[in-house]
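Architecture and fold: a report
So you can see what is in the structure, the chains are spelled out below.
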Amino acid sequence: MRKTILYIIDSLNGIGGAEIMLVSPLAEIYQSYNIIIVTLEPGNVFEKSGYAFCKQYCLNLKSRTNVFAAAKKLKKIINENNVSIVHSFLYWSVIVARLACGNKTKHVFSLATLMSTGIYKDKWYSRYTQLIDRVTYKKNQFIISPTQEVLKDFDKSIGIKGKHKVLYNFVDGNFFKNEMTYIPPCNKLQLVAVGNLKKVKNYQLLMDAFKLLRNDPVTLDIYGEGSLRQFLQNQITEYGLPIKLMGSCEKIHEVLHKYDAFVMSSFLEGFGISAAEAMAAGLPLILSDINTFREVSQGNALFFNPKKLESFQSIIHSILNGEVNMKQLSDNGKGIARDNYKKEKYITGLLKLYNEVLNEDILK
């Protein structure tokens, strides 16, 4: 008899990393398990993704103070459908799942970001979120982390009590299909950045750095939207910076080959899927020197201090002066991406993990 996995996530109203990690593997997971999808909030931008084979429920959580009511609803769904494993994504869905599963239903939860600098500090109620996490996290719950860095951060903040595994996020197959044969830049360096226009992405450093680089043959196109758009555009216009805000792009894999290198200046990241995508496509990486990027790139990048303009400027000058083997960075990056970030590897690892959870009595 086929066993049933229930996936729960806050919502499917956006196309973020957690949402993609849940939705994209469903067809493959369905080959082995029945699937139920539960959301805390209504709405679904993935309705045309072709997973009508999944039962779907919405808990209609209207307030974070109603998590106990939501957990009661979830527990009923679990019992009525004889669910074998609950796999939760994102903070509040994890909390609801923990309350519903208790010691009777096996529970896997996926971390997505550095909890200490994100979830525990980003809202007015954040001082309570860490306490809630500590109280509801039990030894019988299995952790999936996108990087060692995120796992270490959770251990430092909460303390790992039970089973855990690092399972790297995967890159969409289109990036591998569109991988380029890299040709080093000659007279001009064209950079590309991909990511939401928000403070943590540290676009201000790039703005300030390009003020110093205005006399150099280097340009930057930024793909993404966010609350900082007008603020950044005002600086671009005022200082005549060779930077363009390109807006959102659903098929970024089709444009990356136009550029010479990928840049990401974030202060922190849980994984940094855009960097992995750029590697898969064959672009050399210019990254802020944070532990997550060191791990995801396996050191195959040019690293700069995200707080020092001169650090970034120095890298650009070294490229323009022909002091960097950009082709080697490209070739190595494609190999690293193929070995670590293909969807097939993620799904194989996930199915192996489910099998381990089902066959080991971790509830004791």
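Here the residue index of a chain counts from 1 through its sequence in written order. Given that the model is predicted, a residue must reach a pLDDT of at least 70 before its local features are reported, and side-chain atom pairs must reach 80 or more before they are shown or counted; all residues, however, enter totals for whole chains, interfaces and linings. Here the side-chain values reflect all heavy atoms present in the structure, with hydrogen atoms and water set aside.

Our focus in this paragraph is the packing of helix 3 (residues 67-80) against helix 4 (residues 91-101). A fitted line through C-alpha atoms serves as each axis, taken over the contacting stretch for helices, and the angle formed by two N-to-C directions is quoted from 0 to 180°. Counting from the N terminus, the helices are DSSP H or I runs at least four residues long and the strands are E runs at least two residues long. Between helix 3 and helix 4, whose axes approach to 8 Å, the crossing angle comes to 60 degrees. With respect to helix 4, the element helix 3 is oriented oblique. For the element pair helix 3 and helix 4, the recorded crossing hand is right-handed. Contact residues: Val67, Phe68, Ala70, Ala71, Leu74, Lys75 and Ile78 in helix 3; Trp92, Val96, Ala97, Leu99, Ala100 and Cys101 in helix 4. Polar here means any residue other than Ala, Val, Leu, Ile, Met, Phe, Trp, Tyr, Cys and Pro, which are nonpolar, and Asp, Glu, Lys and Arg, which are charged; Gly is therefore polar. Residue composition of the contact of helix 3 with helix 4, by class: twelve nonpolar, no polar and one charged. Relative orientations are named as follows: roughly parallel for angles under 35 degrees, roughly antiparallel for angles over 145 degrees, roughly perpendicular for angles from 65 to 115 degrees, and oblique for any other angle. The handedness criterion is simple: a crossing whose near helix is rotated anticlockwise from the far helix by less than a right angle is left-handed, and one whose near helix is rotated clockwise is right-handed. By definition in these notes, contact holds between two residues if any of their heavy atoms fall within 4.5 Å.

Take the sheet that holds strand 13 (residues 302-304) next. Each strand in a sheet pairs with another by means of backbone hydrogen bonds, the pair being arranged parallel or else antiparallel. Read from one edge of the open sheet, six strands run 10-9-8-11-12-13, paired in parallel fashion. Pairing within the sheet leaves two strands with one partner each, and these edge strands are strand 10 (243-247) and strand 13. Strand-to-strand twist in this sheet, taken as the mean axis angle between neighbours without regard to direction, amounts to 25 degrees. Paired strands are those between which DSSP finds at least two bridges. With two bridges joining them, strand 8 (residues 189-194) and strand 11 (residues 261-264) adopt parallel strand pairing. Of the residues in strand 11, the one forming a bridge with Leu191 is Ala261. Each of strand 8, strand 9 (218-223), strand 10, strand 11 and strand 13 touches helix 8 (residues 203-212); the most contacted strand, strand 9, lies at about 160 degrees to it. Running at roughly 170 degrees to strand 11, helix 10 (residues 273-281) makes contact with strand 8, strand 11 and strand 12 (285-288) of the sheet.

The definitions used throughout rest on a 1 Å grid laid over the protein atoms alone, on which a cavity is an enclosed set of points accommodating a 1.4 Å probe that cannot get out and a pocket is an open set flanked by protein within 12 Å on both sides along at least five of seven lines; lining residues are those having an atom within 4 Å of a point. Grid points are joined across faces, edges and corners, and a volume is the space filled by probe spheres set on the points. According to the stated counting rule, one finds one cavity of 30 Å³ or more in the structure shown. In this structure, the largest cavity encloses a volume near 50 Å³. Around the largest cavity, the lining residues are Ala193, Val194, Gly195, Lys201, Tyr203, Leu206, Val263, Met264, Ser265 and Ser266. Counting only elements with at least two residues in the lining of the largest cavity, the list comes to strand 8, helix 8 and strand 11. Among the residues making up the lining of the largest cavity, the classes are represented as six nonpolar, three polar and one charged.

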